[in-house]
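Take a look at the letters that make up each chain.
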Amino acid sequence: MQLVRRFGSCRRQLQRPEIVGSGSRKISVNKLVKYYHSPIGRRRVLDNVSFDVAEGQKIAIVGRNGAGKTTLLKLISGVESPTSGSINRGLFMSWPLGFVGGLGYEMTGRDNARFIARLYDKDEEDVIAFVDDFAELGSQLDVPLRDYSTGMSMRLSFGLTLAVDFECLLVDEVLSVGDQRFHRKCYDAIFVQRKHCAMILISHDTSIIRKFCSQVVVLKGGRSRVFTDVEFGLKIYETL
């Protein structure tokens, strides 16, 4: 039941958008604020963050560790809710690549693939075949997730995400999953085979950002600034 609640809630956020006009085909993040309560009081992680992502556009989110990048991606995907602000999801959007929080740890990898197929109205055997080929788990696909290593869980989640034809991918520093060969496989799957997709990318790899992204959002102290000049935005990031 916990699995159904987590991914069921996420799917309501990620379902295919209705086309209501030419301006609807984008993701709009509007004045997002996120606070967390801690033993030392209320901690502001994000403060008035705004930006747009259009069809096919790739945008990078950069900032020092602890700047709120992963939190921002969770808010955009619907995994968590903002304290205030709004998100208009005008594109069919993935959950964060590598996110395993919604998977069933008592279920096998194969059963998780079946669940995702049913949730997104995909052919079960097609999804299982894709995940089996991409994740390269072999007989471990029939083992419960509770017995997976972190790397195996990430491979499975990566394969499950790519098995669905999302219009926008959310990528949080997961291109280092596995060995060098699998790393290249992930790179090709995202940036070559799905080059038409929009993307919100968290990465410390500035070469990837320079090659693929048209904008950079720099986070510092919870505040954001959008740079359409990618090179200038990265220079600001490197001075943080």
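Everything quoted here is computed from the prediction, not taken from an experiment. (Residues numbered from 1 in each chain as written. Predicted model: local features only at pLDDT ≥ 70, side-chain atom pairs only at ≥ 80, totals over all residues. Heavy atoms only, no water.)

S.K.: I'm lost on the side chain of threonine 206 in this one. Help?
M.R.: Here threonine 206 shows up in helix α7 (residues 206-212). Taking relative accessible area as the criterion, threonine 206 reaches 17% and is therefore assigned buried. Look past the residues within four positions of threonine 206 in its chain and what remains in contact with it is Leu234, Tyr237 and Glu238. (Helix = DSSP H or I, 4+ residues; strand = E, 2+ residues; numbered from the N terminus. Buried < 20%, exposed > 50% of the residue type's maximum accessible area, 1.4 Å probe, protein only. Contact = heavy atoms within 4.5 Å.)

S.K.: Sorry, what's going on with the pattern of salt bridges here?
M.R.: A side chain of one charge can pair with a side chain of the opposite charge if their charged atoms are brought near each other. Here the structure, examined in full by the defined rule, presents 17 salt bridges. A salt bridge links glutamate 124 to arginine 114; the shortest N-O distance between them is 3.9 Å. Of this pair, glutamate 124 sits in helix α4 (residues 124-135) while arginine 114 sits in helix α3 (residues 109-119), placing them ten residues apart in sequence. For arginine 155, the salt bridge identified is with glutamate 136, shortest N-O distance 3.7 Å. Remark: glutamate 136 occurs in the loop between α4 and α5 (150-162) and arginine 155 occurs in helix α5; sequence separation between them is 19 residues. Shared partners join several salt bridges into a network, and the residues in it are Asp111, Arg114, Arg118 and Glu124. (Salt bridge = Lys/Arg side-chain N within 4 Å of Asp/Glu carboxyl O.)

S.K.: What is the right way to look at the pairing of strand β3 (residues 58-62) in this model?
M.R.: In the case of a regular strand, side chains alternate between the two sheet surfaces. Counting buried residues in β3 gives five out of five residues, a clear majority hidden from the surface. Here β3 shows no split at all, with Lys58, Ala60 and Val62 on one side and Ile59 and Ile61 on the other all buried. In terms of strand pairing, β3 meets strand β7 (residues 198-202) through four bridges, oriented parallel. Bridge pairing in β7 places lysine 58 opposite methionine 199. Here β3 pairs with strand β8 (residues 215-220) via four bridges, running parallel. In the sheet register, isoleucine 61 faces β8, and the bridge partner there is valine 217. (Pairing = 2+ DSSP bridges.)

S.K.: Quick question: what am I supposed to make of the packing of α4 against helix α6 (residues 180-192) here?
M.R.: Packed helices, taken two at a time, are described by the angle between their axes plus the distance between the axes. α6 packs onto α4 with a crossing angle of 135 degrees between their chain directions and a minimal axis gap of 11 Å. On the basis of their axis angle, the class for α4 and α6 is oblique. Of the residues in α6, those touching α4 at Asp133, Phe134 and Ala135 are Phe182, Lys185, Cys186 and Ala189. (Axes fitted to C-alpha atoms, helices over the stretch in contact; angles between N-to-C directions. Parallel < 35°, antiparallel > 145°, perpendicular 65-115°, else oblique.)

S.K.: Hey, could you run me through the packing of aromatic side chains in this one?
M.R.: Both the distance between ring centres and the angle between the ring planes are used here to describe each pair of aromatic rings. For the structure shown, the criterion picks out twelve aromatic pairs. Consider the rings of tryptophan 95 and phenylalanine 166, whose centres lie 5.5 Å apart with planes at 80 degrees: the pair is edge-to-face. In this pair, tryptophan 95 sits in strand β5 (residues 93-97) while phenylalanine 166 sits in the loop between α5 and β6 (168-172), placing the two residues 71 residues apart along the sequence. In this structure tryptophan 95 comes out as buried when scored by relative accessible area, which is 1%. Between the aromatic rings of tyrosine 187 and phenylalanine 191, the centroid separation amounts to 5.2 Å while the plane-to-plane angle is 50 degrees, which identifies the pairing as tilted. Within this pair, tyrosine 187 and its partner phenylalanine 191 are both found in helix α6, separated by four residues, close to a single helical turn. For the pair shown, tyrosine 187 and phenylalanine 191 are each scored as buried. An aromatic cluster of three or more residues is present, and its members are Phe92, Trp95, Tyr120 and Phe166. (Phe/Tyr/Trp six-rings, centres within 6.5 Å; stacked < 30°, edge-to-face > 60°.)

S.K.: Would you explain the nonpolar core in this entry?
M.R.: In terms of nonpolar packing, the biggest core is built from 50 residues, with Val131, Leu156 and Ile209 touching the most fellow members. Among the elements that take part in this core, α6 stands out by supplying six residues, more than any other. What valine 131 contacts, discounting residues up to four positions off in sequence, is Ala113, Glu136, Leu141, Leu156, Gly159, Leu160 and Ala163. In this structure, Val29, Leu32, Leu46 and Ala198 belong to the second largest nonpolar core, which totals 25 residues. (Core = buried A, V, L, I, M, F, W, Y, C linked by side-chain atoms within 4.5 Å.)

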